[in-house]
Amino acid sequence: MTPTSRLCQSNIFKKHSELLSRDARVILSYERARAVGLAYGITLHDTLDLTQKFWDMHIDPIMVLDGAASTLLTIQYNLVAGTLAQYAATTRPDLVSLVEDILRWDVIGQFCLTELGRGLDIFRMKTSATLLPTGEFDLHTPLPSDAKFMPPTVPVKGLPCVAIVFAQLYVNGECRGPRPFLVSMNDGYHMCNGVTSKLLPPRGGSTPINHALTSFNHVRLPPSALLGDLDKSNRMHRDFMHSIWRVAVGSLALGSIAIPDLQMASYIAARYFQRRHVTDVHGNPVPIISYRTQQLPLLHAIAQAFVLRALYKMAIKQFMDKNLDVRVRHGVAACCKAVMVQHAQFANFALSERLGAQGLFEYNWLSKIYSEMRGVSIAEGDILALSMRLVADTLAQAYTLPLSTHPDGPLALHETSLFVEAIEMVSSQSDFTQGFMQYVQPRCQLMVESMGHRMAHDAAVDQGVSRCLVDLYLVNAIKTDSAWYVERNIFTRQTIMRMEDAALSAALPLLDELLAAMEIEPYISSPIISDEHWEKFSKTLPVYSSPQAEVPAQLTLVRARL
């Protein structure tokens, strides 16, 4: 039982939000985010020291029920409270009360980093904070393209909003690099003086949130707004990366939402496949779960849910190991996010297609969580960008990620080979950078996913995940680059097909047992999982009819008179 097993049955989560207006949905998402946060009782200690409670919250199935609420929750607790807690516990004890207000949702927190005109090159942000003779700061957005992009800073629910705003610090005309500032955005009803928030249209296909463009017109900030000191640094970029280190935490934490995502998608699909019948060649009704076309994507998704749970456990341990180089810890998070999102998105798409027209509707969840995961793939570190950085650092031997615990396994051999090939490609070029960009860069995400596959398989084997699920995971990972295995004479295409068939045949009889083990059922509201759920749902639909249409009548032909 999770801390939200009762909350998911409450009115706040049972409400069909897709029938509400955008504004009503946004407010409901804030209420849901607050309810989940309070159910977990996250404290300053939890967010500062990244306790197990913090990590568990992100794989709670309730995180899938409202993508907007999940976004708000991770901004509030990880990016904002987590960043402030770092200062509150050291140089700024005056911030403790604010952190506690944020954790109680008495204050809304936002994290303003990315600008409209700058994403991956945010180190070169244009938002400026100039030190004034009074000791105050002048916070300013020079051009429209320099507005902070995405954070939902518009007033909502009458709750005051503060934000950690990153801006270039200028002292006596000298730029001292990006620094975080604590800035009041609004009082819950009106924007603060000099702060402008432009509400963006909703994202397509996902739960709406009040994303905005935020700009500052010479906003005066008190000296205490600066988080940190004024000193000039001789390692400006490294200090900046340290100041946004909670983004790396978010890479692992947000990516892990793929685990309950896979659980929910596979449960909905499984119950529908068992319920839906077609007529076979003998004229007998059979459930569509009888067909391999349904079994394959379903059991692969279930296997991935169990294997990724093992990966998450292993990754948390490595990410929290302070004896490891911080870049190694970030690299582990990048690999996990890449492979988690990859599996979730493939499963969401494949299973949604096999639901037929039902897969298109928001009330059946799969199409919506596919869109939500698209946002996850970009938030807290774009997967492609993370992959390019990790591969470049690995080829340059800047650091090494933890080695495989099964180095002779096919996935470990595949991973090693991809990096050997990349080294050979760039080494044969007169210009390393040009060779990397031309030949390696397009393959970076594939290479990082291969690392993630190997890490996930190692974790599952080492933690004793069921053999049939591990075998299913293995063959699915092999199929992502089956040509390599055939080229190396490790497997033939027919061998891969037989491996998959054997693993599937071993797992299929355990289907109901596996579904029960995921403990996801209380969180499922899709009406297609049973006839009873569908009947109940259909009674909530608007009806357009006429008295004569209530009871079918014999068709009467009307002849026209000419």
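Remember, it's a predicted structure, so these values are computed and weren't measured experimentally.

Visitor: Help me understand the overall build of the protein in this model?
Guide: The helix and strand tally for the protein stands at 22 helices and 11 strands. Over its C-alpha atoms the protein spans a radius of gyration of 26 Å, differing by no more than 12% from the 24 Å that the globule rule assigns to 562 residues. Once the C-alpha set of the protein is aligned to its principal axes, its extents read approximately 90 × 70 × 60 Å. When burial is assessed residue by residue, the protein has 52% of its 562 residues classed as buried. Partitioning the contacts of the protein with sequence separation of at least 6, the portion at a separation of at least 24 is 75%.

Visitor: Can you help me understand the packing of helix α12 (residues 326-353) against helix α17 (residues 444-462) in this one?
Guide: Geometry of a packed helix pair, given as the angle between the helix axes and the separation of the axes. The interhelical angle for the contact between α12 and α17, taken along N-to-C directions, is 90°, at an axis separation of 8 Å. As judged from the angle between their axes, α12 and α17 are roughly perpendicular. Residue-level contacts link Val332, Ala334, Cys335, Cys336, Ala338, Val339, Gln342 and His343 of α12 to Val448, Glu449, Met451, Gly452, His453 and Met455 of α17. A breakdown of the residues in the contact of α12 with α17 according to their chemical character gives nine nonpolar, four polar and one charged.

Visitor: Before we go on, may I ask you to explain the pairing of strand β8 (residues 212-216) in this structure?
Guide: A regular strand carries its side chains on alternate faces of the sheet. Most of β8 sits out of view: four of its five residues are buried. Here strand β7 (residues 195-199) runs beside β8; their pairing, made up of five bridges, is antiparallel. Directly across from serine 197, in β8, lies its bridge partner threonine 214.

Visitor: Explanation requested: the side chain of serine 233 in the structure shown.
Guide: In this structure, serine 233 sits in the loop between β9 (219-221) and α8 (236-243). In this structure the side chain of serine 233 is engaged in a polar contact, spanning 3.0 Å, whose partner is the backbone nitrogen of arginine 235. Here the side chain of serine 233 touches aspartate 239 through a polar contact of 2.5 Å, side chain to side chain.

Visitor: Can you walk me through the packing of aromatic side chains in this structure?
Guide: Aromatic rings in a pair are described by how distant their centres are and how their planes are angled relative to each other. A full pass over the atoms with the stated rule returns 15 aromatic pairs. Considering the side-chain rings of phenylalanine 137 and phenylalanine 181, the 5.2 Å spacing of their centres and the 70° angle between planes classify their relative orientation as edge-to-face. Taken together, the residues span a long stretch of sequence, with phenylalanine 137 in strand β3 (residues 137-140) and phenylalanine 181 in strand β6 (residues 174-186) at a distance of 44 residues. Of the two residues, phenylalanine 137 and phenylalanine 181, neither departs from the other in class, the shared state being buried. Connected via pairs of aromatic rings, a cluster forms that spans Phe54, Trp55, Tyr312 and Phe319. Arginine 329 extends its terminal NZ or CZ atom over the ring of phenylalanine 319, reaching a point 5.8 Å from the ring centre.

Visitor: Looking at this model, I keep getting lost on unusual backbone geometry. Mind explaining?
Guide: Backbone phi values are negative for most residues with the exception of glycine, while trans is the configuration of most peptide bonds. Despite not being glycine, histidine 218 shows a phi value in the positive range, around 50°. Classification of histidine 218 as partly exposed rests on a relative accessible area of 46%. With a phi angle near 60°, asparagine 489 is a residue other than glycine that sits in the positive phi range. Assessed through its relative accessible area of 70%, asparagine 489 is described here as exposed.

Visitor: What's the story with the nonpolar core in this structure? I'm lost.
Guide: Grouped burial of nonpolar side chains is what soluble globular proteins tend to show. Counting 169 residues, the largest nonpolar core has Trp55, Leu84, Phe181 and Leu298 as the members making the most contacts within it. Per-element accounting of this core gives the leading share, 15 residues, to helix α11 (residues 292-319). Leave out the neighbours within four places in its chain, and tryptophan 55 touches Leu50, Val249, Leu252, Ala253, Tyr312, Ile316, Phe319 and Met320. Ranked by size, the runner-up nonpolar core spans nine residues in total, among them Leu474, Tyr485, Phe491 and Ile496.

Visitor: What should I look at first to understand the sheet that holds β8 in this one?
Guide: Strands belonging to one sheet form pairs held by backbone hydrogen bonds; the direction of such a pair is parallel or antiparallel. Taken in spatial order, the three strands make up an open sheet running β4-β8-β7, and their pairing is antiparallel. The open sheet terminates on both sides in strands that have one partner only, identified here as β4 (148-150) and β7. Strand-to-strand, the axes of this sheet are offset by a mean angle of 15°, without reference to chain direction. Note: β4 against β8, three bridges, orientation antiparallel. Bridging from a neighbouring strand, methionine 150 pairs with alanine 212 of β8.

Visitor: Would you mind showing me how to read helix α20 (residues 493-507) here?
Guide: Each α-helix turn comprises 3.6 residues. Residues three or four places apart therefore point the same way. Helix length check: α20, at 15 residues, gives a terminal C-alpha distance of 21 Å against a target of 21 Å (1.5 Å per residue), a fit within 8%. For α20, the complete set of buried residues consists of Ile496, Glu500, Ala503, Leu504 and Ala507. Projection of α20 onto a plane perpendicular to its axis shows the buried side chains occupying an angular sector of 100°, all on one side. The inward-facing, buried residues of α20 contact α11, α18 (467-479), α19 (482-487) and α21 (511-517).

Visitor: What should I look at first to understand α12 in this one?
Guide: If you check α12, its first and last C-alpha atoms are 41 Å apart, about what 28 residues at 1.5 Å a residue would give, namely 40 Å. For α12, a buried count of 22 out of 28 residues is recorded, marking the element as mostly surrounded by other parts of the structure. Its side-chain oxygen 2.8 Å from the backbone nitrogen of arginine 327, aspartate 325 forms the N-cap of α12.

Visitor: It is not clear to me how the pattern of salt bridges should be interpreted in this structure. Could you clarify?
Guide: Opposite charge on two side chains lets them pair, provided their charged atoms get close. Under the definition given, this model contains 29 salt bridges. In this structure, arginine 25 engages glutamate 362 in a salt bridge whose closest nitrogen and oxygen atoms are separated by 2.8 Å. Here the residue arginine 25 occupies a position in helix α2 (residues 22-40), and glutamate 362 occupies one in the loop between α12 and α13 (366-378), the gap between them amounting to 337 residues. Arginine 25 gets classed as buried once you look at its relative accessible area, which sits at 9%. You can call glutamate 362 partly exposed: its relative accessible area is 26%. Residues glutamate 421 and arginine 443 are paired through a salt bridge, measuring 3.3 Å at the closest nitrogen-oxygen approach. Placement of the pair is glutamate 421 in helix α15 (residues 410-427) and arginine 443 in the loop between α16 (432-440) and α17, with a sequence separation of 22 residues. Residue classification places arginine 443 among the partly exposed positions, given a relative accessible area of 24%. One salt-bridge network, held together by shared partners, links Glu115, Arg118, Asp146 and Lys148.

Visitor: Help me understand the pairing of strand β1 (residues 108-112), please; the structure alone is not making it clear to me.
Guide: When you tally the buried positions in β1, you get five out of five residues, the bulk of the element. Here β1 shows no split at all, with Ile108, Gln110 and Cys112 on one side and Gly109 and Phe111 on the other all buried. Note: β1 against strand β5 (residues 161-171), five bridges, orientation parallel. Paired with glutamine 110 across the two strands is alanine 163, which belongs to β5.

Criteria and thresholds
- Residues numbered from 1 in each chain as written.
- Predicted model: local features only at pLDDT ≥ 70, side-chain atom pairs only at ≥ 80, totals over all residues.
- Heavy atoms only, no water.
- Helix = DSSP H or I, 4+ residues; strand = E, 2+ residues; numbered from the N terminus.
- Rg over C-alpha atoms; globule rule 2.2 N^0.38 Å.
- Buried < 20%, exposed > 50% of the residue type's maximum accessible area, 1.4 Å probe, protein only.
- Contact = heavy atoms within 4.5 Å.
- Axes fitted to C-alpha atoms, helices over the stretch in contact; angles between N-to-C directions.
- Parallel < 35°, antiparallel > 145°, perpendicular 65-115°, else oblique.
- Nonpolar A, V, L, I, M, F, W, Y, C, P; charged D, E, K, R; others polar.
- Pairing = 2+ DSSP bridges.
- Polar contact = N/O pair within 3.5 Å; in protein donor to acceptor, adjacent residues only side chain to side chain.
- Phe/Tyr/Trp six-rings, centres within 6.5 Å; stacked < 30°, edge-to-face > 60°.
- Lys NZ or Arg CZ within 6 Å of the ring centre and 35° of its normal.
- Core = buried A, V, L, I, M, F, W, Y, C linked by side-chain atoms within 4.5 Å.
- Expected span 1.5 Å × (residues − 1).
- Arc of directions from axis to C-beta.
- Salt bridge = Lys/Arg side-chain N within 4 Å of Asp/Glu carboxyl O.

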